[in-house]
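Chain by chain, the residues:
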Amino acid sequence: MTPSPASVAPIRTGLIGFGTSGRVFHSPLLAANPEFSLDLIVTRDPARRELAGGRHPGVRLVPTADDLFAAADDLDLVVIGSPSGTHVELAHAALDAGLAVVVDKPFAVTPREGRGLIEKAQRLGLLLTVFQNRRWDGDFLTLRGVIAAGALGEVRRFESRFEWWKPEQTKQWKVGATIQQGGGVLFDLGAHLIDQALALFGPVDGVYAETVTRRPGGAADDDTFVALHHGSGVRSHLWMNGIAAQVGPRFHVLGSESGYTKWGLDGQEAALAAGARPTDPGFGVDPESAWGMLGRDGSLTRVPAERGNYAAFYTGLADAILRGAPVPVDPRESLRTIALIERINLLTH
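Residues numbered from 1 in each chain as written. Predicted model: local features only at pLDDT ≥ 70, side-chain atom pairs only at ≥ 80, totals over all residues. Heavy atoms only, no water.

Chemist: Would you mind showing me how to read the overall build of the chain here?
Modeler: Regarding its fold elements, the chain presents twelve helices and 14 strands. Relative to the globule expectation of 20 Å for 349 residues, the C-alpha radius of gyration of the chain, 20 Å, shows essentially globular dimensions. C-alpha extents for the chain along the principal axes are approximately 60 × 45 × 40 Å. With 349 residues in all, the chain has 53% of them scored as buried. Restricting to contacts in the chain with at least 6 residues of sequence separation, those with at least 24 account for 72%. (Helix = DSSP H or I, 4+ residues; strand = E, 2+ residues; numbered from the N terminus. Rg over C-alpha atoms; globule rule 2.2 N^0.38 Å. Buried < 20%, exposed > 50% of the residue type's maximum accessible area, 1.4 Å probe, protein only. Contact = heavy atoms within 4.5 Å.)

Chemist: Help me understand the UniProt feature "domain: Gfo/Idh/MocA-like oxidoreductase N-terminal" (unreviewed entry) in the chain in this model?
Modeler: Under the UniProt annotation, "domain: Gfo/Idh/MocA-like oxidoreductase N-terminal" (unreviewed entry) lies at residues 11-130. Note that residues 11-130 is 43% helix and 23% strand, and that its end C-alpha atoms are spaced 17 Å apart. (UniProt positions renumbered as here; feature names shortened; annotations may be inferred.)

Chemist: Quick question: what am I supposed to make of the packing of helix 4 (residues 87-96) against helix 5 (residues 111-124) here?
Modeler: Think of two packed helices as two axes; the pair is described by the angle between the axes and how far apart they sit. Where helix 4 contacts helix 5, the axes come no closer than 10 Å and their chain directions differ by 10°. Put simply, helix 4 runs roughly parallel to helix 5. The segment helix 4 lies against helix 5, with Val 88, Ala 91, His 92, Leu 95 and Asp 96 engaging Glu 113, Gly 116, Leu 117, Lys 120, Ala 121 and Leu 124. By residue class, the composition of the contact of helix 4 with helix 5 is six nonpolar, two polar and three charged. (Axes fitted to C-alpha atoms, helices over the stretch in contact; angles between N-to-C directions. Parallel < 35°, antiparallel > 145°, perpendicular 65-115°, else oblique. Nonpolar A, V, L, I, M, F, W, Y, C, P; charged D, E, K, R; others polar.)

Chemist: Explain empty space enclosed by the protein to me, please; I cannot follow it from the model alone.
Modeler: Rolled over the atoms, a probe sized like a water molecule indicates the empty space that remains. Considering all chains together, one arrives at one cavity of 30 Å³ or more under this definition. The computed volume of the largest cavity comes to approximately 40 Å³. Taken together, Gly 138, Asp 139, Asp 266, Gly 267, Gly 284, Asp 286, Glu 306 and Gly 308 make up the full set of residues lining the largest cavity. (1 Å grid on protein atoms, 1.4 Å probe; cavity = no way out; pocket = protein on both sides within 12 Å on 5 of 7 lines; lining within 4 Å. Points joined across faces, edges and corners; volume = space filled by probe spheres on them.)

Chemist: Please explain the packing of aromatic side chains as it appears in this structure.
Modeler: The geometry of two aromatic rings is summed up by the distance between their centres and the angle between their planes. Under the criterion given, the structure shown has twelve aromatic pairs. By way of ring pairs, the aromatic residues Phe 25, Phe 36, Phe 131, Trp 136, Tyr 310, Phe 313 and Tyr 314 are connected into one cluster. The aromatic ring of Phe 251 is capped on one face by Arg 250, whose charged end is 4.2 Å from the ring centroid. (Phe/Tyr/Trp six-rings, centres within 6.5 Å; stacked < 30°, edge-to-face > 60°. Lys NZ or Arg CZ within 6 Å of the ring centre and 35° of its normal.)

Chemist: I'm lost on the sheet that holds strand 6 (residues 128-131) in this one. Help?
Modeler: Whether parallel or antiparallel, the strands of a sheet pair through hydrogen bonds between backbone atoms. One open sheet accounts for six strands, arranged 3-2-1-4-5-6; its pairing is parallel. Every interior strand has two partners, whereas the edge strands, strand 3 (60-62) and strand 6, have only one. The average angle at which neighbouring strand axes cross in this sheet is 25°, direction not considered. Here strand 1 (residues 11-16) runs beside strand 4 (residues 77-80); their pairing, made up of four bridges, is parallel. (Pairing = 2+ DSSP bridges.)

Chemist: Mind showing me how you'd approach helix 4 here?
Modeler: For an α-helix the count is 3.6 residues per turn, leaving residues at separations of three or four pointing the same way. Along helix 4, the positions that sit buried rather than exposed are His 87, Val 88, Leu 90, Ala 91, Ala 94 and Leu 95. Each buried residue of helix 4 lies within a common arc of 165° when the element is viewed along its axis, so the set occupies one face. Of the exposed residues in helix 4, those oriented more than 90 degrees away from the buried face are Glu 89 and Asp 96. Each element contacted by the buried residues of helix 4 is listed here: strand 1, helix 3 (65-70), strand 4, strand 5 (100-104) and helix 5. With its phi angle positive at about 80°, Gly 98 sits one or two positions after the end of helix 4. (Arc of directions from axis to C-beta.)

Chemist: Would you mind going over the sheet that holds strand 12 (residues 259-262) with me for this structure?
Modeler: An order of 8-9-10-7-11-12-13-14 is seen for the eight strands of this open sheet, with the pairing classed as mixed. What marks the edges here is a single partner per strand, and that holds for strand 8 (204-212) and strand 14 (299-303). Taken pair by pair, the neighbouring strands of this sheet meet at an average axis angle of 15°, ignoring direction. Judged from the five bridges that link them, strand 7 (residues 155-163) and strand 11 (residues 251-255) form a sheet pairing that is antiparallel. Considered in strand 11, the bridge of Ser 160 is made with Phe 251. Lying over the sheet, helix 12 (residues 331-348) contacts strand 8 and strand 9 (223-230), oriented at roughly 55° with respect to strand 8.

Chemist: Got a minute to help me understand the UniProt feature "domain: GFO/IDH/MocA-like oxidoreductase" (unreviewed entry) in the chain in this structure?
Modeler: Here the UniProt feature "domain: GFO/IDH/MocA-like oxidoreductase" (unreviewed entry) sits at residues 140-258. Helix makes up 25% of residues 140-258 and strand makes up 32%, while its end C-alpha atoms are separated by 18 Å.

Chemist: Help me out: how do you make sense of the packing of helix 6 (residues 138-148) against helix 9 (residues 190-201) in this one?
Modeler: Remark: helix 6 packs on helix 9, axes separated minimally by 11 Å, with the N-to-C direction vectors making an angle of 20°. Viewed along their axes, helix 6 and helix 9 adopt a mutual orientation that is roughly parallel. Where helix 6 crosses over helix 9, the handedness of that crossing is right-handed. Two secondary-structure elements touch here, helix 6 through Phe 140, Leu 143, Arg 144 and Ile 147 and helix 9 through Gln 196, Ala 199, Leu 200 and Phe 201. (Left-handed = near helix turned anticlockwise from the far one by under 90°.)

Chemist: Sorry, what's going on with the environment of Ser 37 here?
Modeler: By the secondary structure assignment, Ser 37 is in strand 2 (residues 36-42). The class for Ser 37 is buried, based on a relative accessible area of 17%. Taking the C-alpha atoms as reference points, Ser 37 and Asp 96, 59 residues apart in sequence, are found 22 Å from one another. A polar contact of 2.8 Å, which involves the side chain of Ser 37, links it to the side chain of Asp 39. (Polar contact = N/O pair within 3.5 Å; in protein donor to acceptor, adjacent residues only side chain to side chain.)

This is the structure in C-alpha cells:
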C-alpha cells in the first residue's frame with residue numbers, strides 16, 4: 001500500500017478544512033514535526049482564516065479546494081479534514097492532482113467508494129492513508145499492552161464507550177448531515193470504536209445494533225449501540241452517545257482470569273484544543289488518578305498508563321513518504337470499518 005519514496009523533507013502539505021479536524025488535530029501535529037511544512041490551508045470562513053493565519057504565520061490561505069489543486073505542483077501531500085460527505089470526492093481530486101493523501105475518518109461513506117479510492121491510489125502509485133488517531137490514545141495503547149501480556153487470560157467481553165453530554169449540536173454541518181452524507185454518531189465515533197475493536201480482536205462474524213435519533217430535528221443517529229461477535233470468540237459492546245447525562249467507563253474488559261476498567265477519555269484532544277503542543281512536557285500523560293484498574297473485585301491494582309501519542313501518525317507518515325515504510329494506517333483496515341457501518345445501517349434503517 002506504500003509507493004516508493006519520492007519526496008524530500010520538508011513534505012509540502014496542504015490542509016483542507018480548519019474546523020475541529022484541521023485546527024485541533026492536523027495543523028498542530030504537522031507543525032510539531034520538522035519533516036512537514038504546512039504551506040496551504042483551505043477555509044472560506046473569515047474567523048477561521050484569521051485564526052489559521054495567526055497560528056501559522058506565512059501559510060497561504062485559500063477559500064476553495066480547487067484553489068489548492070491549482071497549486072498542486074507546489075505540494076506533496078493533502079490532508080482532508082472537511083465534512084465526512086466530502087472526503088471521497090476530495091480524495092479523488094487529490095489523487096488526480098498527483099498528491100499523497102491523508103483522509104480523516106470516516107474514510108468513506110460506502111465500501112464501494114473506499115475501494116475505488118484504494119484502487120486508484122494503487123493504479124497511480126500514490127500514497128493513501130486514513131487518520132485513525134484513536135489508535136494512539138494512551139488508554140488504548142495501555143489496554144493493548146495489558147492484553148498482550150496475558151494479564152486478563154482469555155478475553156471474553158470488551159466494552160468501549162465514547163459518551164458525553166452535549167444536548168445541542170453546535171456544528172452546523174452535523175445538524176443536517178444524513179447517513180447518506182456520512183452524518184450521525186455511528187460514522188463519527190463508531191469509526192473509532194469499531195476500528196479499535198477490530199484492531200484488538202480481529203474480523204467480525206456477527207452484528208447487532210440499535211441506532212436512535214434523540215435530538216429534535218436530527219437528521220441521523222446520535223445515540224447508538226453496537227454489538228460485535230469476533231471470529232476470535234470475543235464479544236465487543238460499543239456505545240456512542242453525545243447526550244449521555246451520566247457516562248459509563250471508557251473501557252470495561254472481562255477475561256477468564258481478571259478484568260480491566262478505565263474511566264475517562266484520553267486527554268490529547270482537550271489539550272490540543274486548549275493550545276497545548278505535542279512536544280510539550282507531559283503531553284499525552286495521564287495522571288495516576290486516571291489510570292485503569294486491573295484484577296478482580298477485592299484485589300485491584302492500578303496499571304501505569306502509556307503515553308498517548310497522536311504525533312506518531314505523522315512520524316509514521318513521514319517514514320512512509322520519505323523512506324518507503326508502510327503507511328501508519330492501511331486504508332484497507334479502515335475499509336473494514338466502513339463495511340461494518342454500512343451493514344449496521346442496513347440492519348437498523
